[in-house]
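Observations on the model geometry
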Amino acid sequence: MSAAVLTPADEGELAEAIRDARGGLRILGGGTRGAGAPGPALSVAGIAGVTLHEPGALTLVARAGTPLADVEAALVEEGQRLPFEPMDHRALLGTEGAPTIGGVVAANVSGPRRIQAGACRDSLIGVRFVDGTGAAISNGGRVMKNVTGYDLVKLMAGSRGTLGVLTELSFKVLPAPETEATLILEGLSDAQAVAALSAALGTPFEVSGAAHGAGRTVLRIEGFTDSVAYRAGRLRTALARFGDATAEDDPERSRAIWRAIRDVTDFADRPGDVWRVSVKPTDGPAIAARAGAEETLFDWGGGLVWLLVPAGTDLRARLGDFAGHATLVRADAATHAELGTFHPEPAPLAAIAAGLRAKFDPRGVLNPGLMG
Amino acid sequence: MEMPAPNPSVLSRRAQIAARLREVLPADAVIDDPVETRAYECDALTAYRCPPLAVVLPASTQEVAAVLRLCNREGVPVVPRGAGTSLAGGSMPTQDSVVLGVARMNAVLETDYDNRTIRVQAGRTNLSLSDAVAEGGFFYAPDPSSQLACAIAGNIAMNAGGAHCLKYGVTTNNLLGATVVLMDGTVTEIGGAHLDAPGLDLLGVICGSEGQLGVVTEAVLRILPAPEGARPVLMAFDSSEVAGACVADIIRAGVLPVAIEFMDGPCIRACEDFAHAGYPDCAALLIVEVEGSEAEIDMQLGLIKQVARGHSPQEVRESASPEESAAIWKGRKSAFGAMGRLGDYICLDGTIPVSALPQVLGRIGALSQEYGLRVANVFHAGDGNMHPLILFDANTPGELERAEALGAEILRACVAAGGCLTGEHGVGVEKRDLMVDQFSAADMEAQMRVKDVFDPRWLLNPAKVFPLAQSQARRAAG
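Okay, so let's go over this structure. (Residues numbered from 1 in each chain as written. Chains lettered and ligands numbered in written order. Predicted model: local features only at pLDDT ≥ 70, side-chain atom pairs only at ≥ 80, totals over all residues. Heavy atoms only, no water.)

Examining the overall build of chain A
Definition in use: In this text, helices come from DSSP runs of H or I with a minimum length of four residues, and strands from runs of E with a minimum of two, each type numbered from the N-terminal end. The quantity called the radius of gyration is restricted to C-alpha atoms. Its globule counterpart is 2.2 Å times the number of residues to the power 0.38. When a residue's accessible area, from a 1.4 Å probe over protein chains only, is under 20% of the maximum for its type it is buried; when over 50% it is exposed; and in between it is partly exposed. We call two residues in contact whenever any of their non-hydrogen atoms come within 4.5 Å of each other.
Secondary structure summary: chain A contains 14 helices and 18 strands in total. Relative to the 2.2 N^0.38 estimate, which gives 21 Å for 372 residues, the radius of gyration of chain A is 21 Å and therefore close to what a compact globule would have. Reported as C-alpha extents along the three principal axes, the dimensions of chain A are approximately 65 × 50 × 40 Å. Out of the 372 residues in chain A, the part that is buried amounts to 59%. A sequence separation of at least 24 residues applies to 71% of the contacts in chain A between residues at least 6 apart.

So this is what it looks like as structure tokens:
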């Protein structure tokens, strides 16, 4: 981080900094996710703090610069958690610093539990942000059912600071489970593995993680102790045709398995570019075959395919036309510039996105060029 | 209800516009006989009516595109309509508008159990989705109380909820992809059977935009495996405050019930008179339902009863059989019918933080006294989505207006308590003018900018959602 980082202390100072900008700003949370356009940095780290936590209403409100660790600590104290299990990008990207809750939302970061509990955007129930004109805008609120006006909450999640700089976020949170266990199947092909994951996700046993990589196919069950034992047992029986699953029922070891999947740690210390492909789960194995990657990890029941390929590989060219999209997550700046970080959108959608950016940031000062 | 004055230029071209519509649609898909268009003069907000210029019933995405392209060129407003069950006037026409009904587009296009999705045309009714996937052991989660009649198109337009949202979320959480036709006739595909779309979350902002950004003709929706079983417990309390506190404690205890329903004294008595469900005579009643295997249900209900005992319930009645479960739900499910028997009513839809339940219920009681109108409360307590029912007599002059004024006061109380005007019904025309109580001018400006991008001429359902004074300049410029 260069010395010239603007660090406003509140929403008013942030608005002023944006109004004063004479060129593009690089919007920063904790700076751990490697995103951002070139230009002077504007950090929200100074706009921090959990402002409300109502455990009986499953609600938490925090300012955007709040370290994710602080949000999680506040929730743990009440036996709750963020449902969407956000990935920590630091190991994979080799970044340092403290991830912020604003950064999580700006990139709509969601982990293995996305298949059951939804993405970050599904738990997000309210936002405050400052747009490119310096106007402070509020949308949604702190209640979990709200259809009053347009849902700009969803629009802001994943907009990577290009429509506005987030200042405050409200979440629906969930009770943390008493325990968890992981069922493990060994030696399945990609196709067999995704079939097993689909079969498991089609049972009523509330599978909250379904992944496959490095020859292991894993399924997670969370809940009350007796319930986890019962459902893991039933699931094992239901999956008998795929092999005899072993159960990891030590919750600490189970958690470690899912942390590694969430953070794609198997790719972290290996050279090459990392891509993330989102497809219909049953298309996952065919995509992996076409990609011919050095290493492949399937999450989300097969629908999220992580691929490790030699540096500079044009993965989109290898994959050709497919229903879904490929995002370049780790590569050098030249590769990002040459191949594009995000999948090209169909023309009508790209036109709408450009139109929205022009309305919310008419001077083009917020992460210009980052999303198109 | 104030509506914008119809565009005289459009009205004067009525016959010509109908003729042009017939050029792009089969003859039986265009209705302009004033007797027949009467059937489309209102939705479930029946107090307000206005026959449209014409009604079109396209049968395909291409026909929808042709209609929109034509109306965009001719400067004719279009009011999209699902099944017409909106309680907020979301599909109420204006005199100069073409109502675009999607009822003929009701096919299930693909059922995919391996990927847990269903692709349907948007005129398909909500409940028929669950019926379509029941044989595979699946269901579609959002369950608005009109689910027998309401269409997925309207569910997406209003981001419909239901009783089971606490666990399964609302429409936006279960919508993966859509075919959307823009006002200029452009057909776009957003998302699909994969779990996230690239770029900005356009589907997220289209869902709940009340038909103002585009017309959804097809949708890819998430289906879920049906639970092994479900069972409710009924708990009676001697005050709404205690019942409200019990709800918060249940949630804190780490159980996630699939539904927590609340009824107050006036509602309980009306339901009892109507349905004879055998409810205890009490000030407040909770119905809490959990899911799982028999043993899992026993365990969760045990925990819930233990929490409830801390609040000295008058009675706790756990279902021991499917018959008893049905009896517990019988009164709740007949609440709206029971209220209808007492007279006319307005059903509100404000949401509040669960912690504010006792305070807001107290405020509603005081307002009810002040206005001299009875209010019964029945709602989804787990997520704070209230449904106060204001009883009035439409035949007494001035009583509807008084009931509406009381409704506005109650909704302002919801906003003041940290909540919102509408949790699942939408703003429509009904709550349009209350938007200023929840949003600043900048907040509304940001929302209207989104419409500027999708529909620059403000022709799609233009007189909804935003107060007319706020949207005036944009509508006039179109």
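Anyway, onward from the coordinates.
Looking at the pairing of strand 17 (residues 304–309) of chain A
Residue and element names in this part refer to chain A. Filter applied, for reference: Strand pairing is assigned whenever DSSP identifies at least 2 bridges connecting the two strands.
Of all six residues in strand 17, six are buried, a share of seventy percent or more. Direction of pairing for strand 16 (residues 295–299) relative to strand 17: antiparallel, over a ladder of five bridges. The partner of F298 across the bridge, within strand 17, is V305. Adjacent in sequence and paired antiparallel, strand 16 and strand 17 are bridged by four residues, among which W300 carries a positive phi angle near 50°.

Side note on the sheet that holds strand 13 (residues 216–223) of chain A
All names here are of chain A. The line we're drawing: Axis lines are fitted to C-alpha atoms, over the contacting stretch for helices. Their N-to-C directions set the angle, which ranges from 0 to 180 degrees.
Here we have eight strands laid out as an open sheet, ordered 14-11-13-12-16-17-15-18, and antiparallel in their pairing. Two strands in the sheet have a free side with no partner beyond their single neighbour: strand 14 (246–248) and strand 18 (324–330). The mean inter-strand angle of the sheet, taken between neighbouring strand axes irrespective of direction, is 20°. Direction of pairing for strand 12 (residues 207–213) relative to strand 16: antiparallel, over a ladder of two bridges. Counterpart to G213 in the pairing with strand 16 is L297. Against the sheet, helix 8 (residues 190–201) touches strand 11 (179–186), strand 12, strand 13 and strand 16, its axis set at about 175° to strand 12. Packed onto the sheet, helix 9 (residues 225–238) meets strand 11, strand 12 and strand 13 and runs at close to 145° relative to strand 13.

Here's the deal with the packing of helix 11 (residues 265–275) of chain B against helix 14 (residues 335–342) of chain B
Residue and element names in this part refer to chain B. Keep this limit in mind: By definition in this entry, angles of less than 35 degrees are roughly parallel, angles greater than 145 are roughly antiparallel, angles of 65 to 115 are roughly perpendicular, and the rest are oblique. Residue classes follow a fixed rule: Ala, Val, Leu, Ile, Met, Phe, Trp, Tyr, Cys and Pro count as nonpolar, while Asp, Glu, Lys and Arg count as charged, and any other residue, Gly among them, counts as polar.
Contact pair helix 11 / helix 14: the axes reach a minimum separation of 8 Å and the direction vectors enclose 90°. Taken together, the axis directions place helix 11 and helix 14 in an arrangement best described as roughly perpendicular. Only A335, G337, A338, M339, R341 and L342 of helix 14 make contact with helix 11, whose side of the interface consists of P266, C267, A270, C271, D273 and F274. Tallied by class, residues from the contact of helix 11 with helix 14 come to nine nonpolar, one polar and two charged.

Brief notes about helix 5 (residues 126–134) of chain B
Listed as buried for helix 5 of chain B are N126(B), S128(B), L129(B), S130(B) and V133(B). Summarising the contacts, the buried residues of helix 5 of chain B are in contact with strand 5 (108–112), strand 6 (117–121), strand 7 (138–139), helix 6 (152–158) and strand 10 (215–222) of chain B.

Topic: the pattern of salt bridges
All names here are of chain A. What counts here: The rule for a salt bridge is simple: a side-chain nitrogen of Lys or Arg has to be within 4 Å of a carboxyl oxygen of Asp or Glu.
Across all of its chains, the model carries 49 salt bridges over all chains by this definition. Where E180 meets R255, a salt bridge forms, and the shortest distance between an N and an O atom there is 4.0 Å. Taken together, the residues span a long stretch of sequence, with E180 in strand 11 and R255 in helix 10 (residues 251–262) at a distance of 75 residues. Given a relative accessible area of 5%, E180 falls into the buried group. The class for R255 is partly exposed, based on a relative accessible area of 33%. It is possible to trace a salt-bridge network through shared partners that takes in R81, E85, R113, R220 and E222.

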